[in-house]
Amino acid sequence: MIQRAIQKLAREKLEAKAIDLFLGYARGTLPGRVKPFAAAGAADCDRLVWNENCDTNLVNYLARYPGKKIGIVVKPCDARTLVTLLHENQVKRENLFIVGVNCPGVKTGVGAEAAMQPQCLACEIRKPPIADVTLGGPVETAIAPQAKLAGELWDEFKGEMQRCIRCFACRNACPLCYCTTCFAEQTMPELVYPGNDAAESAFFQLGRIMHIAGRCGECGGCERACPMDIPLQKIIRKAAAFLEETYGEKAGLSVETPGALGTFSPTDNNSIFL
Amino acid sequence: MNPKLLRKTEIAAFVQSLAPSHTIVAPQPDEGQCSYGVLSNGAQPALDGGRPRKSAKEALYPQKERMFAFEAGAVEPCSVEPEPPLILFGVRACDLKGIEALDTVLLHGAFVDAFYKARREAAAIVGLACEKMCPTCFCNSFGIDPYAPPACDVNLVPAGDAFVAQPLTEKGEALVASLPDADAAHLATARKAGEAFHAAENPKVAVDAFVEAVAEVFESPAWEGIVDGCINCGGCTYVCPTCHCFDIVDETIGHRGQRVRAWDTCMAARFTLHTSGHNPRVTPAQRLRQRILHKFQYMKKNQSILGCTGCGRCVAVCPVNWDIRDAIGRLTEELSTASKA
Amino acid sequence: MTMTMPVMKIASDMNPYAPMPVRIAELSVESAARDTRLFKVEFLKEEDRVRFRHEPGQFAQLSVLGYGEAPISITSSPTQPYIEFCIKRMGEVTQALHNLGEGDAFGIRGPYGNTFPRAMMEGKNIVFVAGGIGLAPLRSLINFMLHPTNRASFANITIIYGARSPGDLLFKSELAEWAKRVDVRYHETVDAAPPDSNYQGKIGFVPTLLDEVAPSSENAVAITCGPPIMIKYVLPGLDKLGFAPENIVTTLEMRMKCGIGKCGRCNIGRHYVCIDGPVFTLAELKNMPAEF
Ligand SMILES: Cc1cc2nc3c(=O)[nH]c(=O)nc-3n(C[C@H](O)[C@H](O)[C@H](O)COP(=O)(O)OP(=O)(O)OC[C@H]3O[C@@H](n4cnc5c(N)ncnc54)[C@H](O)[C@@H]3O)c2cc1C
Ligand code: SF4
Ligand code: SF4
Ligand code: SF4
Ligand code: SF4
Ligand code: SF4
Ligand code: FES
């Protein structure tokens, strides 16, 4: 069982003092929810869980523990964001003990109400591209090509941006949004004002997407964080598909070669993929 | 005041009859849930859609509000035109309590927020009793009862194929004057709805013990302990009925512009950042402490009201399942053992 | 669903966020680095001039339309027939203010905040300890006390002032006047003086000068304002001299927006610096969380 294996690995590494912390999941307070959980000692390891609700991308927490040796559970999408962070020198490989899990997809809810999360419906990468140990059997991927979202999204995107409240939760949930001063919050010059008007929300979201295109691991963290349930994955995948076609490369798959894009400017042409 | 009867089939027509002279804000379907919004002509309020995604505070305290316009460096003179008065139709009890909390901040103290005051005074508020609690609702822990609601002008209580509309103020009485009196059968059904609601209430969270435990606390190792996975995203504060912090910014296009205020969140690091780079609240734990103490200690002392109504929205939207109910329990325990030690 | 509410218009005299127009009557550069300027302003509308009554310790929100607002202490004394602000260039708004020239207009709203507790200072010896731009808020009170109608209400007045360099000493002509007055004990220091300056005074930090001057705490009140690092050493210095926390007064800074206790930004615990402050005694601060 994967949960048992995670607990065992975490306990061994913590007892051997090979790591200071193990980042995993614990039971949540609502049915169908888990909580991110940092096990600091062997005694905490019984609380680690693994189930189909383990959606949060734990890579987002690595920046919280600079210099610490950390064990971490990653799904394939999470691992892809980790690969990007390694390319960008945001984390040190030697400080990590990575437990990868082959992933059949994560779900929202429990039992009959459980629904596969949107990013998983379109996910082609079912094996973590980086891991010290990989748990779980191989997972077949059968994504119908039409699920690779294409077509006119601009109108839909504009419509969705009417609902955006510019809380920036999507950004905070994203392990790749680590700029110390986000372009949306800088004041000189002020590029994005606070508030909720659709045009500026679209500007913010396009700016963010341009910034993560070619880096995004497609973990769905942004969309899950959105209190307005805006389907951000759709648009991000459109950008990813565009880059894949142009550069023939998916982000975060190869530890050796860095991704297609690394730079961003708010004046970049945003129209290319819409 | 006599309870009136509003048949479900007649809601649209009733609302329509109020509409020409009023702006109406009511719950409407929104991506599988419902949200309060300005009702367009002929639209039907979604009164059975459960707890709206965001609180009703937006109607009185919009996310973004223009404070004045300016042109070429001078404030534009403005004449004050009366707005069509507002009707908030179908407001949940937790949100009614939230409005009470906003009142204490924005209407009272040395200064009055003229924008909130103007909207508030022009508004009539129609409450809506919930048929059942959502899994995250815990308004009962604050003594809030949708069947004996916090201040509103009319309260709608579900009664099968209709709502019993109980006027609670003169304004409310005038609003529902055109409706027929409620009959005995519907009144009985409404009473049963209340009984059914109360019988199926969610377990209570020990709020009083918590308020007592945090009454004088500031420094404590307990804060680090409850941060958990909170990513300081602020989603919780935007959906909350009582959160009222705002930012003020100037928006300009050429020589024209406007000064606006827009909701802000204490969960963001920039919230307290000085230009010099100094920041009194740098860690997630410090910001979480601010959010909790503002609601359960500072507002209690300054405004004699709590900054939480138990609406549960922050629990529902949190991407990492940071659960205020759980935090209240854990903090009460840790703070009271710490004070005994 | 985002709710768009109709735009609400509130007449300026009812709108607590609407600034009153002022004109820069006189502008002077106060620091050698040119990053601090003194703005003497006059109201464009007579009714605003009449309405604006401040006390030492209070501040105003200064606004440049299109750039925003910044809280700035009113550095002039109510005994003076004009209003002055001493502003250090820091970010967007303060830069925009620095771009203005004599005759240009900007906006102010206020006065806001509490005042220096003058009643408790009457009949006492007064010790001012200021560093850098921290003199700006104290200057209002100093000039108030030195005014002929008020001078007799206070006993000895000692002023200890320091800046990073001779060029950073603000209000130079006024400092010279204070130094000349027989009823003021004025002491000044700079952290360091460049070799080419003709500065003749003391070199050293403000807390060191405080130790040297060692003003008596007998029947005395100390009022201090300056950079956090200075305050950190001045407070123990005053304690050593025997100043009780109730007799040490300081003025605080927190990031602000509304200035009127609504925006929820400037609180230290339950206290809002914009309405309960910015002036606090050390005794009050000791009962407040150390989150500033
Ligand atoms: C009560 C009080 C009195 C002050 N008196 C003076 C004075 O006499 N002279 C002087 O030069 N400075 C004074 N300051 C500091 C001054 O307010 C800041 O330097 C200024 O707000 C920086 O704004 P900015 O627009 O240039 O910077 P930006 O970084 O572009 O603006 C950010 C915004 O954040 C807020 N803000 C940022 N830093 C501060 C801060 N330290 N304090 C308050 N709000 C802040 C303001 O609303 C500001 O407009 C005072 C501050 C306070 C609270
Ligand atoms: S953009 Fe969204 S899906 Fe992509 S890595 Fe960031 S959080 Fe995950
Ligand atoms: S999380 Fe959703 S509502 Fe918030 S800024 Fe992102 S897209 Fe907008
Ligand atoms: S508690 Fe949850 S919703 Fe609130 S800031 Fe933290 S992570 Fe975001
Ligand atoms: S803190 Fe959470 S539960 Fe309490 S009122 Fe706000 S959103 Fe609702
Ligand atoms: S918290 Fe209470 S009033 Fe609010 S929606 Fe839930 S049951 Fe209704
Ligand atoms: S500045 Fe807004 S509350 Fe103090």
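**Here we look at the nonpolar core**
Next, step 1: If you look at the biggest cluster of nonpolar residues, it comprises 196 residues, and the most contacted ones within it are A:Phe22, A:Leu62, A:Leu82, B:Leu88, B:Phe296 and B:Trp322.
Next, step 2: The contacts of B:Trp322, once residues within four sequence positions are left out, are A:Lys35, B:Ile226, B:Val227, B:Asp228, B:Cys230, B:Leu288, B:Arg291, B:Ile292, B:Cys314, B:Val315 and B:Ala327.
Next, step 3: Within the second largest apolar cluster, 33 residues are counted, among which are C:Leu146, C:Ile157, C:Ala163 and C:Tyr186.

**With respect to the side chain of B:Gln63**
Next, step 1: For B:Gln63, the location among the structural elements is in the loop between helix 2 (57-60) and strand 4 (64-71).
Next, step 2: Polar contacts involving the side chain of B:Gln63 include one to the side chain of A:Asn196, which spans 3.3 Å.
Next, step 3: Excluding anything up to four places from it in sequence, B:Gln63 contacts A:Ile165, A:Gly195, A:Asn196, B:Glu58, B:Tyr238, B:Arg261, B:Ala262 and B:Trp263.

**Comments concerning the site of ligand 3**
Residue and element names in this part refer to chain A.
Next, step 1: By nearness alone, 13 residues border ligand 3, and Cys164, Cys167, Phe168, Cys170 and Cys226 come closest of all.
Next, step 2: Secondary-structure elements contributing two or more residues to the shell around ligand 3 are helix 5 (169-173) and helix 6 (198-212).
Next, step 3: Class assignment for the residues of the shell around ligand 3 results in eleven nonpolar, one polar and one charged.

**Points about the interface of chain B and chain C**
Next, step 1: Between chain B and chain C, the contact holds 64 residues from the first and 47 residues from the second.
Next, step 2: A buried area of about 4,900 Å², summed over both sides, lies between chain B and chain C, and 60% of it is on carbon and sulfur atoms.
Next, step 3: Seen at the junction of chain B and chain C, the total is six salt bridges.
Next, step 4: C:Glu291 is paired through a salt bridge with B:Arg289; the nearest N and O atoms lie 3.2 Å apart.
Next, step 5: Counting the contacts that link chain B with chain C gives 24 residue pairs in polar contact (both at pLDDT 80 or more).
Next, step 6: Among the elements that line the side of chain B that touches chain C, the one with the most residues is helix 10 (residues 284-303) of chain B, at seven residues.
Next, step 7: Residues belonging to the side of chain B that touches chain C are distributed by class as follows: 29 nonpolar, 17 polar and 18 charged.

**Quick word on the environment of A:Arg224**
Next, step 1: Inspection of the secondary structure puts A:Arg224 in helix 7 (residues 221-225).
Next, step 2: In this structure the C-alpha to C-alpha distance between A:Arg224 and A:Cys170, which are 54 residues apart in sequence, comes to 7.9 Å.
Next, step 3: Excluding residues that lie within four positions of it along the chain, A:Arg224 makes contacts with A:Asp55, A:Thr56, A:Asn57, A:Gln117, A:Gln119, A:Cys219 and B:Pro319.

**Focus: the packing of aromatic side chains**
Next, step 1: With the rule as written, the count across this model stands at 18 aromatic pairs over all chains.
Next, step 2: Between the aromatic rings of B:Tyr147 and B:Phe197, the centroid separation amounts to 5.4 Å while the plane-to-plane angle is 45 degrees, which identifies the pairing as tilted. Here B:Phe197 lies in helix 6 (residues 184-199) and B:Tyr147 lies in the loop between strand 7 (123-128) and strand 8 (154-159), a separation of 50 residues in the sequence. For the residue pair B:Tyr147 and B:Phe197, the accessibility class agrees, reading buried in each case.
Next, step 3: In this structure an aromatic cluster arises from ring pairing among B:Tyr61, B:Phe115, B:Tyr238, B:Phe246, B:Trp263 and C:Tyr17.
Next, step 4: A cation over an aromatic ring shows up here: B:Lys8 above the ring of B:Phe163, its NZ or CZ 5.3 Å from the ring centre.

**A few points about the domain arrangement of chain A**
Residues and elements named next belong to chain A.
Next, step 1: Entries for chain A in the domain assignment read domain 1 (2-145) and domain 2 (150-262).
Next, step 2: Each side of the interface is counted separately: domain 1 has 24 residues, and domain 2 has 26 residues.
Next, step 3: For the domain 1 and domain 2 pair, buried surface summed over both sides reaches about 2,000 Å², with 55% attributable to carbon and sulfur atoms.
Next, step 4: Of all residues in domain 1, Arg80, His87 and Gln119 bury the most surface against domain 2, accounting for 30% of the area lost on that side.
Next, step 5: Our count for the domain 1 to domain 2 interface comes out at three salt bridges.
Next, step 6: Arg215 is paired through a salt bridge with Glu88; the nearest N and O atoms lie 2.7 Å apart.
Next, step 7: The set of elements that each furnish at least two residues to the side of domain 1 that touches domain 2 consists of helix 2 (76-87) and helix 3 (118-121).
Next, step 8: Here the side of domain 1 that touches domain 2 takes eight residues from helix 2, the largest share from any one element.

**Some thoughts on the pairing of strand 2 (residues 23-30) of chain B**
Next, step 1: Most of strand 2 of chain B sits out of view: seven of its eight residues are buried.
Next, step 2: Hairpin remark: strand 2 of chain B followed by strand 3 (residues 33-38) of chain B, antiparallel, with two residues in the connecting loop; positive phi at B:Glu31, about 45 degrees.

**Focus: the sheet that holds strand 1 (residues 21-27) of chain A**
Residues and elements named next belong to chain A.
Next, step 1: Read across the open sheet, the five strands follow the order 2-1-3-4-7; overall the sheet is mixed. What marks the edges here is a single partner per strand, and that holds for strand 2 (34-39) and strand 7 (133-135). Direction aside, neighbouring strands of the sheet carry axes that sit 30 degrees apart on average.
Next, step 2: As paired strands, strand 1 and strand 2 are joined by six bridges and run antiparallel to one another. Along strand 2, the bridge assignment pairs Tyr25 with Pro36.

Rules behind the numbers
- Residues numbered from 1 in each chain as written.
- Chains lettered and ligands numbered in written order.
- Predicted model: local features only at pLDDT ≥ 70, side-chain atom pairs only at ≥ 80, totals over all residues.
- Heavy atoms only, no water.
- Core = buried A, V, L, I, M, F, W, Y, C linked by side-chain atoms within 4.5 Å.
- Buried < 20%, exposed > 50% of the residue type's maximum accessible area, 1.4 Å probe, protein only.
- Contact = heavy atoms within 4.5 Å.
- Helix = DSSP H or I, 4+ residues; strand = E, 2+ residues; numbered from the N terminus.
- Polar contact = N/O pair within 3.5 Å; in protein donor to acceptor, adjacent residues only side chain to side chain.
- Near = heavy atom within 4 Å.
- Nonpolar A, V, L, I, M, F, W, Y, C, P; charged D, E, K, R; others polar.
- Buried area = accessible area lost by both parts, 1.4 Å probe.
- Salt bridge = Lys/Arg side-chain N within 4 Å of Asp/Glu carboxyl O.
- Phe/Tyr/Trp six-rings, centres within 6.5 Å; stacked < 30°, edge-to-face > 60°.
- Lys NZ or Arg CZ within 6 Å of the ring centre and 35° of its normal.
- Domains from an automatic or database assignment.
- Pairing = 2+ DSSP bridges.
- Axes fitted to C-alpha atoms, helices over the stretch in contact; angles between N-to-C directions.

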